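One letter stands for each residue in the lines below.
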Amino acid sequence: MRIEKIRNFCIIAHIDHGKSTLADRMLLKAGAITQREFREQILDTMDLERERGITIKSSCVSLKYERDGKEYMLNLIDTPGHVDFSYEVSRSLAACEGALLLVDATQGVEAQTVANNFLAMQHDLAIVPIVNKLDLASARPDEVIEEMEHSLAVEPQDVLRVSAKDGSGVDAVFDAIIDSIPPPEGDPGEPLQALVFDSEYDEYCGVVLYARVMNGTMRVGDKIRMMNTGRTAEVSRLGLFTPKMEDRKELSAGEVGYVIANIKSIHDVDVGDTITAAKAQGVPALKGYVQPQPMVFCGFYPANDCEFSALRNALDRLSLNDSSFWFEPETSDALGFGFRCGFLGMLHMEIVQE
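What counts and how
- Residues numbered from 1 in each chain as written.
- Predicted model: local features only at pLDDT ≥ 70, side-chain atom pairs only at ≥ 80, totals over all residues.
- Heavy atoms only, no water.
- Pairing = 2+ DSSP bridges.
- Helix = DSSP H or I, 4+ residues; strand = E, 2+ residues; numbered from the N terminus.
- Patch = residues over 30% accessible without salt bridge, like charges linked within 9 Å, V, L, I, M, F, W, Y side chains within 5 Å.
- Areas by Shrake-Rupley, 256 points an atom, 1.4 Å probe, with all protein chains shown as cover.
- Salt bridge = Lys/Arg side-chain N within 4 Å of Asp/Glu carboxyl O.
- Lys, Arg positive; Asp, Glu negative; His and termini not counted.
- Charge placed at Lys NZ, Arg CZ, Asp CG, Glu CD.
- Buried < 20%, exposed > 50% of the residue type's maximum accessible area, 1.4 Å probe, protein only.
- Contact = heavy atoms within 4.5 Å.

Draft legend 1. Region of interest: the pairing of strand β18 (residues 326-332). Pairing of β18 with strand β19 (residues 336-343) involves seven bridges; the strand directions are antiparallel. Bridge pairing links P329 to F339 in β19. Between the end of β18 and the start of β19, which pair antiparallel, lie three residues.

Following this line, the structure appears as structure tokens:
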């Protein structure tokens, strides 16, 4: 896909303002899923996310959308809304050029709406303001748009009116993404620079990296190097989320996808690291992320001492999926060997504990 036909954007909002529902509807409209495959919170793959009805992990999907005979690739990153997971939001913003700022037509502008809008402005993103949930009887779109004008400094005429539940206004959202969000900058012919904005551990593939290619092209079989850790590896698979993993032979500048490079140890990867070619010299590292400071602490201890190693392995893998989670070994006279863990908030602690 030519770089001028690519748009990278995320959806940001306060908790329960309809981010996941809008993402579901956009996948359906773009043909990424069929009506038969459609279900609520399709990008929320964790059992806990579906059980609690909230987004915990950012998720990524590439949509092919055709307008006026031209095909565009729209890379969507759905982000959490709860304040405890704001670090996930900041990482996602670094991989985008634009953001859909969603506000509930019944609840109006709330704390995380303002905080996420400020984060998007800090990253110099193009912002598309949207009022959602117009299908509800208690919706008050005119008042909410006035709130947005005063609190978020958006122009009233720029605000899109949408009901993600029934799909009205979603076509206008696609038009706004194409017209208002700029294509990514970058050159497929330059030396490789790719930002690792997330990662997860897979039992069969090892470490799966979520990467945004800033410059250059990455191909299957290429030898790559992590600039922070110095780890080198050979790319065995890469591709796009559509929303299933769809293998490709290469990812070039502007594209967002996954990279599997037979990395077995989670300590060989840092979220925010820069991927470059193994033999490349003088390639500058991309600006990473500021490590968040834990606010809530508690101790985790195994029920039996023989399960200490299993608990350590589980926490290791969890820290790869969630780089804002911190832990170190500690001992207690009463409980034996365990771990002191740090979290961004009480909900974060509950999720990790479960």
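More follows now that the structure is in view.
Draft legend 2. Structural context of the pairing of strand β13 (residues 245-248). In terms of strand pairing, strand β12 (residues 237-241) meets β13 through four bridges, oriented antiparallel. Paired with F241 across the two strands is M245, which belongs to β13. Joining the antiparallel neighbours β12 and β13 is a turn of three residues.

Draft legend 3. Spatial organisation of a negative patch on the surface. A cluster of acidic residues, E146, E149, E155 and D158, forms a negative patch at the surface. Locating E149 in the fold gives a position in helix α5 (residues 141-152). In this structure E149 comes out as partly exposed when scored by relative accessible area, which is 35%.

Draft legend 4. View of unusual backbone geometry. The backbone phi angle of D68 is positive, close to 55°, even though this residue is not glycine. Relative to the assigned elements, D68 resides in the loop between β2 (59-67) and β3 (70-78). Of note in the backbone geometry, A153 takes a positive phi value of approximately 60° without being a glycine. Here A153 is to be found in the loop between α5 and β6 (160-161). Look at A153 and you get exposed, because its relative accessible area is 68%.

Draft legend 5. Main features of the pattern of salt bridges. This model, assessed by the stated rule, comprises 13 salt bridges. Linking R67 and D175 is a salt bridge whose minimum nitrogen-to-oxygen distance equals 3.3 Å. In this pair, R67 is assigned in strand β2 and D175 in helix α6 (residues 170-180), connecting sequence segments 108 residues apart. With a relative accessible area of 18%, R67 lands in the buried category. Salt bridges here are not isolated pairs; linked through shared partners, they connect R67, D68, D175 and D179.

Draft legend 6. Representation of the side chain of S252. Mapped onto the fold, S252 is located in strand β14 (residues 250-252). Among the residues examined, S252 registers a relative accessible area of 12% and is labelled buried. Apart from residues lying up to four places away in sequence, S252 is in contact with P188, V213, G216 and T217.

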